Amino acid sequence: MAHSWLSVEAIARSYGARPVFRDLSFGIDRGEFACLIGHSGCGKTTILNILAGLEAPDAGVLVMDGHETAGPSLDRAVIFQSHALYPWLTALGNVAFALRSRHPTWSRTQIEIQARAALATVGLKDAATQKPAELSGGMKQRVGIARALSLEPALLLMDEPFSALDALTRGTLQDEVSGLVGGGRQTAFMITHDVDEAILLADRILLMTNGPDAWLAEIVINTLPRPRDRANLHRQPGYYPLRNHIVDFLVTRSRLLAGQQPPGWTGRDVPEIRPSDFHEQRERVPA
Amino acid sequence: MTRFAAPFLSIVLLALLLGVWQISVHDTQPAAGMDPEYAKLMGLQATAGKSAIPTPLDVAAKLVQAIRDPFYDHGPNDKGIGIQLAYSLGRVLLGFGLAMIVAVPLGFLIGMSPLMGAALNPFIQVLKPISPLAWMPLALYTIKDSDQSAIFVIFICSVWPMLVNTAFGVSGVRREWLNVARTLEVGPLRRALRVILPAAAPTIFTGMRISIGIAWLVIVAAEMLVGGTGIGYFVWNQWNNLSLADILMGILLIGVVGMALDRALAAAATSVAWRE
Ligand SMILES: Nc1ncnc2c1ncn2[C@@H]1O[C@H](COP(=O)(O)OP(=O)(O)O)[C@@H](O)[C@H]1O
Ligand SMILES: [Mg+2]
């Protein structure tokens, strides 16, 4: 793990006396898509904000490509849960604003061409001149995706990007993001509490217990072959064991393990579980 | 039809008002038993059985006459209504403009820094409720020039709503919008102009609209005090001339110009408004 491209090393955060989490470590390899799953309030957004540089950890560091980083930077793009578009700018204006930040020397036309191209990749060619208020929830989130991807970030961070959308739109966007981001082209870190979303998109799924004093109980390796698509995912052999394992975690273990770090626990060695280990793992559920 | 219902009703009400006014003023008897001195003072109106209150037609005639030649200048006490309004508008816009130059940047500072906000808050709380006219003697004493004093008074009454609203708008800019700017490494100036300013603009314009309304209220009073020129002085001067028709015309014009100022700022506010 020490050799991961991105490495989160023993970060801690607390509000008042209650630790949200402490001694939390994990790594993400280049080109990998990692998903963090956990219940509301366990500290997922806090972790993502630390990765984005929007918040500083109380302890611990973030190492990217061998360099310790602090504060936000253009090589880490964020897709926010609430899309966070500027409502006074058009869809095109929002993407162009980001592109202008990335490429201060580009000409106006160059920016516009790129911004239009970015919107086209998310199917919004015809909505370029519309303001966010005139767009549906799914379209707004698409603009957010176009804005983030147009930066060609080294790391793409997503905080429950689809949780505010209806099921149908969510599914379509999941497939689109899977096509745009999955398969090793883009290093990404996504927060979700949708199990199928994690299975569809992630190479590795980080399971976080409930808080306070939440911890990473395990990392599940998703061995389902790519390319994956939602329509056929559940026909893949190995899909149900994987899904059941994660649902089990969310339903029972995340609660039972909350604040129950095993004796001698350090956050440095989070067990990595493969589907072949599932049976063995279930034996270890605390009574 | 519903679209025209309200304007139609407005016109009916106006006609009703003018009709009642015309009838009640027209046929008044000569004031019996009036103090002869006072009757002499009131002139024809009292002695010839004509009411002291002009009829709507009198006012309309005055208005037509004033609008026909609005810019004549026959010395200090006799200027066209256009010139008087221009003086008042000039003072208001100058005082308002100066207030804007001070209030918007200062409001930005207060809105961005909770410390500055807390430190300046007691001053604002004390200064805000002071009637602008209470500043007048101090202004006249320190500035000496009456014209500049009037502008100062406009400044001091316009500054607070803009300052408070700018600070409120700036401090209320969504954290996530600022976070987007942070992840994009947007510099402080670009962030102020491209993120915070547009986000806070509707609130700032609301403050401006309140300010210009107050400024227009105050200029009339201020000009009555300092004299010389302006629509406020015009109304006061016509009181000294006992020309109620001119006074009513002045009042009407003050209302109309005030409404025009408000409409102009409302239009400007619409142009920067955004919907989520
Ligand atoms: N500004 C704050 N002040 C106090 N507590 C906070 C603050 N922000 C978050 N928390 C607490 O930290 C915990 C983790 O929050 P968050 O990271 O948003 O959780 P998640 O994204 O997993 O739902 C929650 O219990 C929340 O109550
Ligand atoms: Mg969250």
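Up top you'll find the structure we're talking about.
Residues numbered from 1 in each chain as written. Chains lettered and ligands numbered in written order. Predicted model: local features only at pLDDT ≥ 70, side-chain atom pairs only at ≥ 80, totals over all residues. Heavy atoms only, no water.

For the rest of this paragraph, the subject is the site of ligand 1. Residue and element names in this part refer to chain A. With respect to spatial proximity, the complete set of residues near ligand 1 consists of Tyr15, Val20, His39, Ser40, Gly41, Cys42, Gly43, Lys44, Thr45 and Thr46. One of the backbone N or O atoms of Cys42 is found 3.3 Å from an oxygen atom in ligand 1. One nitrogen or oxygen atom from the side chain of Thr45 is found 2.6 Å from an oxygen atom belonging to ligand 1. Relative to its unbound accessible area of 560 Å², ligand 1 is 56% covered by the protein chains. Here the shell around ligand 1 takes 3 residues from helix 1 (residues 44-52), the largest share from any one element. Within the shell around ligand 1, the residues separate by chemical class into 3 nonpolar, 6 polar and 1 charged. (Near = heavy atom within 4 Å. Polar contact = N/O pair within 3.5 Å; in protein donor to acceptor, adjacent residues only side chain to side chain. Areas by Shrake-Rupley, 256 points an atom, 1.4 Å probe, with all protein chains shown as cover. Helix = DSSP H or I, 4+ residues; strand = E, 2+ residues; numbered from the N terminus. Nonpolar A, V, L, I, M, F, W, Y, C, P; charged D, E, K, R; others polar.)

Before going further, it helps to examine the interface of chain A and chain B. Contacts between the two partners involve 23 residues from chain A, matched on the other side by 18 residues from chain B. At the junction of chain A and chain B, the tally comes to 9 residue pairs in polar contact (both at pLDDT 80 or more). Looking at the side of chain A that touches chain B, the elements that each hand over two or more residues are strand 6 (76-79) and helix 2 (91-102) of chain A. Among the residues making up the side of chain A that touches chain B, the classes are represented as 15 nonpolar, 4 polar and 4 charged. (Contact = heavy atoms within 4.5 Å.)

To continue, consider a nonpolar patch on the surface. Residues and elements named next belong to chain B. The grouping of Leu94, Leu98, Ile101, Val102, Leu106 and Leu109 at the surface amounts to a nonpolar patch, some 510 Å² of accessible area in total. Summarising the element assignment, Val102 is placed in helix 5 (residues 81-112). Relative accessible area serves as the criterion here: at 37%, Val102 is assigned to the partly exposed category. (Patch = residues over 30% accessible without salt bridge, like charges linked within 9 Å, V, L, I, M, F, W, Y side chains within 5 Å. Salt bridge = Lys/Arg side-chain N within 4 Å of Asp/Glu carboxyl O. Buried < 20%, exposed > 50% of the residue type's maximum accessible area, 1.4 Å probe, protein only.)

Before going further, it helps to spend a moment on helix 2 of chain A. All names here are of chain A. Taking 1.5 Å as the rise per residue, helix 2 with 12 residues should run 16 Å; its terminal C-alpha atoms sit 17 Å apart, in good agreement. In terms of burial, helix 2 is a largely internal element, 10 of the 12 residues being buried. Taken together, the buried positions of helix 2 are Ala91, Leu92, Gly93, Asn94, Val95, Ala96, Phe97, Ala98, Leu99 and Ser101. (Expected span 1.5 Å × (residues − 1).)

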